[in-house]
Amino acid sequence: MKKLSYLFGALAVLLSQVMCAVVAYGYCDMLWGIRYACYSAPASVAFLLAIPYAVGIAACVILAAVFYRKAKR
Amino acid sequence: MALSEKLYALRKERGLSQEQLAEGLKVSRQAISKWESSQSLPESDKLLALSEYFGVSLDYLLKEDREEKGTQAPAPETAGGKRGLLGLAICIGGILCLILWGLLSILLPSSAQQLGQSSMLRIDGNGMFLIACVAAVVVGAVLILKDKGKK
């Protein structure tokens, strides 16, 4: 149980890192596209990419907390 | 039945030799022989190992008037419930796919051109993949939590 809680904790951290990287990359790409490739969407659209990661992080945190509590009992 | 008789009966029930049991418990064959002939008693850590090995309770092993085997403390919860395991697999699979997709979109942008076309609101192949990942994570988490709630 404890191992599972650590696993999900680690996955949450990993997901947050990947989320930051993906959003930052997307944002930069959008800025470049708006400047040189006539993108019509605003750069902030890149933040939409954070949604699936946010859901994943939330699920990981909840599962880590549940497993941690179970392990403590 | 005394402990020695119970050990002998359990060993025979499983068709094990003294050597095999000794190997499983990481003790010497002589120790098993002594336990079975009541020449000595297993230490507490060995008793625990015996109860786990045979899947019986410590009560059953130690109490002479207790004939029913009882059950050992529940098996590790990770091993319990196929639904829980399925949920765990789906959830972790979804998370790994999310991570993989993120890395791919950065390292191989050509494979994920979602931002290049400034069409974030359109659900294209990448969007469908992300939705599938999120659905897998959520479904997996729900299955795990339901399984844990039952226990």
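Residues numbered from 1 in each chain as written. Chains lettered and ligands numbered in written order. Predicted model: local features only at pLDDT ≥ 70, side-chain atom pairs only at ≥ 80, totals over all residues. Heavy atoms only, no water.

> Describe in detail the overall build of chain A, supporting the description with residues and values.
Across its full length, chain A carries two helices and zero strands. When each of the 73 residues of chain A is scored for burial, the buried share is 41%. As presented, chain A carries roughly 4100 Å² of accessible surface, and 68% of it is formed by carbon and sulfur atoms. (Helix = DSSP H or I, 4+ residues; strand = E, 2+ residues; numbered from the N terminus. Buried < 20%, exposed > 50% of the residue type's maximum accessible area, 1.4 Å probe, protein only. Areas by Shrake-Rupley, 256 points an atom, 1.4 Å probe, with all protein chains shown as cover.)

> Before we move on, can you summarise the overall build of chain B with the specific residues and values?
Per the secondary structure count, chain B includes seven helices and zero strands. Taken from the N to the C terminus, the helices and strands of chain B come in the order α-α-α-α-α-α-α. Expressed as a percentage of its 151 residues, the buried residues of chain B come to 38%. Here the analysis covers contacts within chain B between residues at least 6 apart in sequence; of these, 57% occur between residues at least 24 apart. Here chain B has roughly 8600 Å² of accessible surface; of this, 61% comes from carbon and sulfur atoms. (Contact = heavy atoms within 4.5 Å.)

> Give me the lowdown on helix 2 (residues 50-72) of chain A, citing residues and values where you can.
Taking 1.5 Å per residue as the helical rise, helix 2 of chain A with its 23 residues ought to reach 33 Å, and the 32 Å between its terminal C-alpha atoms agrees with that figure. Taken together, the buried positions of helix 2 of chain A are A:Ala50, A:Pro52, A:Tyr53, A:Gly56, A:Ile57, A:Ala59, A:Cys60, A:Leu63, A:Ala64, A:Phe67 and A:Lys70. (Expected span 1.5 Å × (residues − 1).)

> I'd like to hear about the packing of aromatic side chains, residue by residue, with values.
Residue and element names in this part refer to chain A. Tallied over the entire structure, the rule returns four aromatic pairs over all chains. Each ring, one from Tyr 27 and one from Phe 47, has its centre 5.7 Å from the other, and the planes form 55°; the classification is tilted. Linking Tyr 27 in helix 1 (residues 2-36) with Phe 47 in the loop between helix 1 and helix 2, this pair joins segments that are 20 residues apart in sequence. Judged by centre distance (5.8 Å) and plane angle (50°), the ring pair of Trp 32 and Tyr 36 falls under tilted. In this pair, Trp 32 and Tyr 36 are both assigned in helix 1, four residues apart and thus about one turn of the helix distant. (Phe/Tyr/Trp six-rings, centres within 6.5 Å; stacked < 30°, edge-to-face > 60°.)

> Lay out the pattern of salt bridges in plain terms, naming residues and giving numbers.
All names here are of chain B. In the structure shown here, the tally under the stated rule is four salt bridges over all chains. We note a salt bridge from Glu 19 to Arg 29, for which the minimum N-O separation is 3.8 Å. Pair noted here: Glu 19 is in helix 2 (residues 18-25) and Arg 29 is in helix 3 (residues 29-36), with a separation of 10 residues, a long-range link. Among the ionic pairs, Asp 45 bridges to Lys 46, the shortest N-O distance being 3.3 Å. With relative accessibility at 42%, the residue Asp 45 sits in the partly exposed group. (Salt bridge = Lys/Arg side-chain N within 4 Å of Asp/Glu carboxyl O.)

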